[in-house]
Each structure stands twice: as C-alpha cells, then as structure tokens.
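The residues making up each chain are set out below.
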Amino acid sequence: MSSGSERHGSLRLGTVAGGLIGLGLCAWLLASYGIVRIVDVLAHAGWTGTAVIIAFHFPQMLCSAFGWRVIVGSGGPGAARPGLGAYLRLRWIREAVNNLLPLAQIGGELVVVRLLQLRAVPLAAAIAGTTADLTLEIATQVLFTLLGVLLLFQAGADSALATMILESLLVAALLIVALFVALWLGLAVVIERSLLRLGRSFGWPATARIGGLHAALMRCYRAPGRVLGASFWHLLSWLLGGLEVCLILHFLGEDVDLTTGLILESLGQAAKALGFAVPGAVGVQEGGYVVIARVLGISPELALALSLMKRLREVVLGLPGLALWHRAEARVAVAPTASIT
C-alpha cells in the first residue's frame, strides 16, 4: 500500500517539476523576445479575429468526433452507440481535460470512458473504442508530421533540422508499429486477464466488466473500412490545423501560404507531443514554434504570439468543456442512470 502511495507521490512530484520547468522556459522565452512586443502582436487580432479563431476549432473537433464514432462502429452485440452530437461533446470534454487539468493526473481519455459508460456503453467497448481512436489519431499525426518534413525539405530549409526531425519521426513510427503489433498479438488480453485476476483477489466486482476488452479492440482494428474512414477524418482534422495557423497569422498581421501553415502546425504539434512529460507542454510548444518559425523566416515574436493565441483558444473552449463534464457528473450523482444530453 505504501509503495503505491510512494509511486503516486513520485509521479505527482515529477509532474510538478515538469510543470515548473515548462513555465520557466515559457517565461524565459517571453522575457527574451519582449513580452510587450508579443502582446502588441496579439492585439492585432482584436475581438473579432479572436472570436473567428476560436470558432474555427469546432470543425476540427467535429472531424475528430467523426473519426472516433467511425472506428467504434456498432460497439458490439448489445452495446449502445451514441450519436455524433454525443461524440462531439465527449471530444470537447476530452480536449478540455487534457489541456486544462494536467496536474489532476486524470487523462481526458479516462474521463470519456466513464462518460461513455453512462450512455450504456459497456466498459470493455468504451475502453476499446477510445484506445483505437487514440492510436489512429497518433498514427495520422505521424503522417501529418511527415508531410511537414517533406514540405520543409521542399522549401529548402536547414537540412540538419529536417534530418533530425525525420530521424525522430522514424523512432515514433517504429514505436507506433510496435504498439499496434502488441495490441494485435494480445496486449489487451494480458491487461484484461490481469485486471480480472486482480479484481477476484481484492473482491472488486467492477473489474469483471473489463471482460471482452481484447475482442472489442479487435472488432475495431479488423474492420479495414472503419480504420480507413477514421484515419481520413483524423488526418483531415490535422490538415485543418494548418489552415488554423494561416488564419491566426492573418489576424496577427502576417499572411503566409498554406505550405508554411502546414509546416508550422505539423512540426509544432510534434514538438508538443514530445513534451508530453511537461503538463500542457508549456514552454515546449512555444520553443518549438520559435525554432520552426526562425527556419521559415518568421519572427520569434510572431511565433510566440501564435502559440499564445492557441493557448487562449484552449482556455476559452476548455472552460465550457469542463462545465459539460461537471454537468454530466452532477446528473449522475442525482440519477445514476442519467446520460449526457
């Protein structure tokens, strides 16, 4: 029992340390390039520009919700299948938790698994569908990053930077392939049996609901049409991110072509993913945009303003997302059979 508490304490300490390092890096970047100049760049957008930028994220969330619902399919025998509107709200909550609650040690994926259960989706099907969706989202991000590297090469940018990114991308691709192979060969079976055994040992009846996890996951992966369809929607969502960058830079007073927008977004998101150990990738995302923007001839002030505008959008959309989560949990407290509406 004490070892578990110690591990939990170490994880929390590591998260806090990572957060402090990230905040320190972010503060250093802002101080180095002049926070007043960066705020002046942000002020270019105005209220109208900021509102348009925030609203533009909804099509991205919708594409991600489409992909999630497609890979889930029917959910298996006897499983409920929530509508697209429900998946859109769940995606909203998922992003809100991941973006705004990094210190809570509660992933957005874990939260939405619980909320799917409240919609009469069996636990195994909820975990399998969310896991399949997450792995496809990561796989399409690798493709999106590869596109960014190729465009960077085509733009004649620093070959050393592009080569370094390409090597990192190769490692990421190998890890994803290894994950898919492990899941296919029975990693979910091992997890399922371990949880069932643990539940029987400690008298936890709830773990019995995990039965069928591997079969549910294989139903997702063994449907090529659904895998391709979900991958298409996730890739489209990533591509819309490139358009979002162009839109943000336009309102900040700097028009760039779509190629530049795609390079900034794909490599910026890759930097953010590499900073997973830092809550919210604070500082890591900002540093990534500064490095990539410099290669493309964009000022560091504009790159930092771009990153901060994205964070502003995350906060403005994240707070209502957390409110949706709170509302769903409150309804369950009153009526356990209630669903998200």
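Residues numbered from 1 in each chain as written. Predicted model: local features only at pLDDT ≥ 70, side-chain atom pairs only at ≥ 80, totals over all residues. Heavy atoms only, no water.

1. Describing helix H9 (residues 213-221)
By the criterion of burial, H9 is predominantly enclosed, with seven of the nine residues buried. Looking only at H9, the buried set comprises Leu213, His214, Ala216, Leu217, Met218, Cys220 and Tyr221. (Buried < 20%, exposed > 50% of the residue type's maximum accessible area, 1.4 Å probe, protein only. Helix = DSSP H or I, 4+ residues; strand = E, 2+ residues; numbered from the N terminus.)

2. Notes on the packing of aromatic side chains
In this description, an aromatic ring pair is defined by two values, namely the gap between the centres and the angle between the planes. With the rule as written, the count across this model stands at five aromatic pairs. Taking the centre distance of 4.5 Å and the plane angle of 15° together, the rings of Phe66 and Trp233 count as stacked. With Phe66 in helix H3 (residues 46-72) and Trp233 in helix H10 (residues 224-251), this pair connects stretches of sequence that are 167 residues apart. Accessibility expressed as a relative area gives 28% for Phe66, which makes it partly exposed. Aromatic side chains Phe144 and Trp238 sit 6.0 Å apart centroid to centroid with 20° between the ring planes, which places their arrangement in the stacked category. With Phe144 in helix H6 (residues 123-154) and Trp238 in helix H10, this pair connects stretches of sequence that are 94 residues apart. Sitting above the plane of the Trp68 ring, Arg94 keeps its charged end 4.7 Å from the centroid. (Phe/Tyr/Trp six-rings, centres within 6.5 Å; stacked < 30°, edge-to-face > 60°. Lys NZ or Arg CZ within 6 Å of the ring centre and 35° of its normal.)

3. Some remarks on the nonpolar core
Grouped together as the largest cluster of nonpolar side chains are 39 residues, with contacts concentrated most on Ile71 and Leu115. Only H3, helix H4 (84-100), helix H5 (108-117), H6, H9, H10 and helix H13 (300-334) provide two or more residues apiece to this core. Broken down by element, the residue count for this core peaks at seven residues, all from H6. Core analysis: the second largest hydrophobic core is formed by 33 residues, Leu152, Leu267, Tyr289 and Leu302 among them. (Core = buried A, V, L, I, M, F, W, Y, C linked by side-chain atoms within 4.5 Å.)

4. Some details on the pattern of salt bridges
By the definition in use, this model includes 13 salt bridges. The partner of Lys310 in a salt bridge is Glu244, with the nearest N and O atoms 2.8 Å apart. You can see Lys310 sitting in helix H13 and its partner Glu244 sitting in helix H10, a full 66 residues away along the chain. Neither residue differs from the other here; Lys310 and Glu244 are each classed as buried. (Salt bridge = Lys/Arg side-chain N within 4 Å of Asp/Glu carboxyl O.)

5. Describing the side chain of Thr50
With respect to the helices and strands, the residue Thr50 is situated in helix H3. Aside from chain neighbours lying at most four places away, what touches Thr50 is Ala45, Met309 and Leu312. (Contact = heavy atoms within 4.5 Å.)

6. Quick word on the packing of H10 against helix H11 (residues 258-274)
One way to put it is that H10 packs onto H11 with a least axis distance of 8 Å and a crossing angle of 115°. The angle between the axes of H10 and H11 places the two elements in the roughly perpendicular class. The handedness of the crossing between H10 and H11 is right-handed. Where H10 abuts H11, its residues Trp238, Leu239, Gly241, Gly242, Leu243, Val245, Cys246 and Leu249 lie against Leu258, Gly261, Leu262, Leu264, Glu265 and Gln269. (Axes fitted to C-alpha atoms, helices over the stretch in contact; angles between N-to-C directions. Parallel < 35°, antiparallel > 145°, perpendicular 65-115°, else oblique. Left-handed = near helix turned anticlockwise from the far one by under 90°.)

7. Digging into the confidence of the model for the protein chain
Regions with low pLDDT carry predicted coordinates that are not meant to be interpreted in detail. Looking at the protein chain as a whole, its pLDDT mean stands at 80, while 72% of the residues score no less than 70. Across residues 337-341, confidence stays below pLDDT 50; counting only partners more than four residues off in sequence or on other chains, it has 15 contacts. (pLDDT = per-residue confidence, 0-100.)

8. Some points on a nonpolar patch on the surface
Side chains of Leu143, Leu146, Leu150 and Phe153 sit close together on the surface and give an oily, nonpolar patch of about 350 Å² of accessible area. Tracing the chain through its elements places Leu143 in helix H6. (Patch = residues over 30% accessible without salt bridge, like charges linked within 9 Å, V, L, I, M, F, W, Y side chains within 5 Å. Areas by Shrake-Rupley, 256 points an atom, 1.4 Å probe, with all protein chains shown as cover.)

9. Brief notes about H10
The first and last C-alpha atoms of H10 sit 41 Å apart over 28 residues, in line with the 40 Å expected at 1.5 Å per residue. Gly253 lies just past H10 and shows a positive phi near 95°. (Expected span 1.5 Å × (residues − 1).)

10. Some words on the environment of Trp68
Structurally, Trp68 can be placed in helix H3. For Trp68, a relative accessible area of 0% translates into the label buried. Spatially, the C-alpha atoms of Trp68 and Asp133 are 5.3 Å apart, while their sequence positions differ by 65 residues.

11. A few points about the environment of Gly321
Along the chain, Gly321 falls in helix H13. Between the alpha carbons of Gly321 and Arg91 there is a distance of 8.9 Å; along the sequence they are 230 residues apart. Gly321 has contacts with Trp92, Ile93 and Ala96, leaving out every residue within four places of it along the chain.

12. Details of unusual backbone geometry
Of note, the phi angle at Ala120 is positive, near 70°, even though the residue is not glycine. Along the chain, Ala120 falls in the loop between H5 and H6.

13. A few points about the packing of H3 against H6
Relative orientation of the contacting elements H3 and H6 amounts to 125°, with a least axis distance of 9 Å. Regarding the angle of H3 to H6, the classification is oblique. When you trace H3 past H6, the crossing you get is right-handed. On H6, the residues that touch Ser64, Gly67, Trp68, Ile71 and Val72 of H3 are Gly129, Thr130, Ala132, Asp133 and Leu136. Grouping the amino acids of the contact of H3 with H6 by side-chain chemistry returns five nonpolar, four polar and one charged. (Nonpolar A, V, L, I, M, F, W, Y, C, P; charged D, E, K, R; others polar.)

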